[in-house]
Amino acid sequence: GMSSVYSLEPPTRGKVVLKTSLGSLDIELFSKEAPKACRNFVQLCLEGYYDKTVFHRLVKDFILQGGDPTGTGEGGESIYGAPFEDEFHSRLQFRRRALVACANQADQRDSNGSQFFITLGRCDWLTKKNTIFGSVAGDTVYNLMKFNDLEVGEGDRPEDPPQVVSAEVVWNPFDDIVPRSARGEGQDGPAQEKLRDDRGRMRNKNLLSFGADEEYADDDEDEAGAGFPLAKIRRPRGEAATPRVDQEPRERGIPGDGDDEAPGVARGEPKAAKGDNSSASLAERMMMRAMAARREAGGAEAGASAEAGGPAAGAG
């Protein structure tokens, strides 16, 4: 039962409260097992990076995804200034709802940024594909399950995307984190003067001709247009064709050039694991993957690839 699943998991160390428009989510952190992911999440929370961001993707009984300041599923950046590596742990597996994990580029290892997702059901096929770094705890799981019933439009986007109102770090397991806003930034002036550009990276305010929060000002805007790509968290294929509560959704391809894949989690059933992890074979696999993506992009105009986990359309 559930209690045995919980008892297999390591103890948490650290806690963040995400205040959302549907209530608070208490997120307890696996900071020993996933220190890079937890440090990234805690520091972004301390910096207010997630404030006013939306949950841009919801697949019922599967996942809720957010953490992208652009609200598109294509933006966001880690505190490290580059994608950071996966952290897998044998006692952290996708066996239940309410787990918090890093969204990443489809089928690319070590491609974590600022986006995260929370499981709304069991999804074993994501184990060893996405880094689990936290768990929604206590009674706030009831708030999490409110998200599961939201109306969803094109590209898995909620019709009225809920927001993160603010993030409060109530137990910081890293005593050496210095938020960038507190650092002072040389000639650029203090970091508070910096705003995020359209990819979610910090940029100097003086170089921008628009306010960072304008995109959140108009809630009535039609947000569910074709510009929002299908991110990559996927369910196994081969199930019934229409989504029901207890099974997997239909596969959808989206035409596009495949240039810019949105971070997410693959729906596709994992391919057979490859035993050879030498850097030579890794490089080879990456090349094969790039070639396959290019081929697929070529055919995408005629009709999107039906292959589960194929490239998402770039939004721009």
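Each chain carries its own residue numbering, running from 1 in the written order of its sequence. With pLDDT at 70 or above as the cut-off, local features in this predicted model cover only qualifying residues; side-chain atom pairs require 80 or more to be listed or tallied, and sums for whole chains, interfaces and linings still use all residues. Note: side-chain values were computed over all heavy atoms of the structure, leaving out hydrogens and water.

**What to know about the pattern of salt bridges**
Definition in use: Whenever Lys or Arg places a side-chain nitrogen within 4 Å of a carboxyl oxygen from Asp or Glu, that contact is recorded as a salt bridge. What counts as a helix is a DSSP run of H or I of at least four residues, what counts as a strand is a run of E of at least two, and both are numbered from the N terminus. Each residue is placed in one exposure class: buried if its accessible area under a 1.4 Å probe, protein chains only, is under 20% of its type's maximum, exposed if it is over 50%, and partly exposed if it falls in between.
Evaluated as defined, the whole model comprises 9 salt bridges. A salt bridge links R96 to E9; the nearest nitrogen and oxygen atoms lie 2.9 Å apart. On the criterion of sequence distance, the pair formed by R96 in the loop between strand 4 (63-66) and strand 5 (99-104) and E9 in the loop between helix 1 (2-8) and strand 1 (15-20) is long-range, its members being 87 residues apart. For the pair formed by R96 and E9, the shared burial category is buried. Here R39 and D176 are joined by a salt bridge, their closest N and O atoms 3.0 Å apart. Of this pair, R39 sits in helix 2 (residues 35-46) while D176 sits in the loop between strand 8 (164-171) and strand 9 (194-196), placing them 137 residues apart in sequence. The class of D176 is partly exposed, set by a relative accessible area of 47%.

**Some words on the nonpolar core**
The criterion, for reference: Put simply, a nonpolar core is a bunch of buried Ala, Val, Leu, Ile, Met, Phe, Trp, Tyr and Cys residues held in one set by side-chain atoms that sit within 4.5 Å of each other.
Ranked by size, the top nonpolar core spans 36 residues in total, and within it L18, F41, F116, F133, V136 and L144 carry the most contacts. For this core, the elements supplying multiple residues, two or more each, are strand 1, strand 2 (23-29), helix 2, strand 5, strand 6 (112-119), strand 7 (132-136), helix 3 (140-147) and strand 8. Among the elements that line this core, the one with the most residues is helix 2, at 6 residues. In this structure, F117, W125, L126 and I132 belong to the second largest nonpolar core, which totals 14 residues.

**A closer look at the side chain of N130**
For clarity, the cut-off: Residues adjacent in sequence count toward polar contacts only when both atoms are side-chain atoms; beyond that, a polar contact is any pair of N or O atoms within 3.5 Å, and within protein one must be able to donate a hydrogen and the other to accept it.
When you line up the elements, N130 lands in the loop between strand 6 and strand 7. Among the polar contacts made by the side chain of N130, one reaches the main-chain carbonyl oxygen of C102 at a distance of 3.0 Å. In this structure the side chain of N130 is engaged in a polar contact, spanning 3.3 Å, whose partner is the side chain of N104.

**Comments concerning the sheet that holds strand 6**
Put simply, the rule reads: At least two bridges found by DSSP between two strands is the condition for calling them paired. Each axis is a line fitted through C-alpha atoms, and for a helix only the stretch in contact is used; angles between axes span 0 to 180 degrees, taken between their N-to-C directions. By the convention used here, residues are in contact when the closest approach between their heavy atoms is within 4.5 Å.
Within the open sheet, the 8 strands sit side by side as 3-4-6-5-7-2-1-8. Their pairing is antiparallel. Because the sheet does not close on itself, it has two edges, and the strands there are strand 3 (57-59) and strand 8. Here the average twist between neighbouring strands, direction ignored, is 30°. Where strand 5 and strand 7 come together, 3 bridges link them in antiparallel fashion. Looking at strand 7, one finds that A101 is bridged to I132. Helix 2 rests against strand 1, strand 2, strand 5, strand 6, strand 7 and strand 8 of the sheet, and its axis sits at about 50° to strand 1. Its contacts with the sheet place helix 3 against strand 1, strand 2, strand 3, strand 4, strand 6 and strand 7, and it is angled at close to 115° to strand 2.

**Here we look at the packing of aromatic side chains**
Remark: the centre distance and the inter-plane angle together describe each pair of aromatic rings, the angle taken between the planes. Rule in force here: Paired rings are identified among Phe, Tyr and Trp, the last through its six-membered ring, by centres lying within 6.5 Å, and are further divided according to the angle between planes into stacked (under 30 degrees), edge-to-face (over 60) and tilted (the rest).
According to the stated counting rule, one finds 10 aromatic pairs in the structure shown. Both rings, one in F55 and one in F116, keep their centres 6.3 Å apart while their planes meet at 85°; by these two values the pair is edge-to-face. Of this pair, F55 sits in the loop between helix 2 and strand 3 while F116 sits in strand 6, and the two are 61 residues apart along the sequence. We note that F55, like F116, is buried. Ring centres of F62 and W125 lie 5.6 Å apart, and the angle between their planes is 35°; this geometry places the pair in the tilted category. With F62 in the loop between strand 3 and strand 4 and W125 in the loop between strand 6 and strand 7, this residue pair connects regions lying 63 residues apart in the sequence. Overall, F62 belongs to the buried group, its relative accessible area being 1%. Residue W125 is classed as buried on the basis of its relative accessible area, which comes to 12%.

The analysis is restricted to geometry; functional conclusions fall outside its scope.
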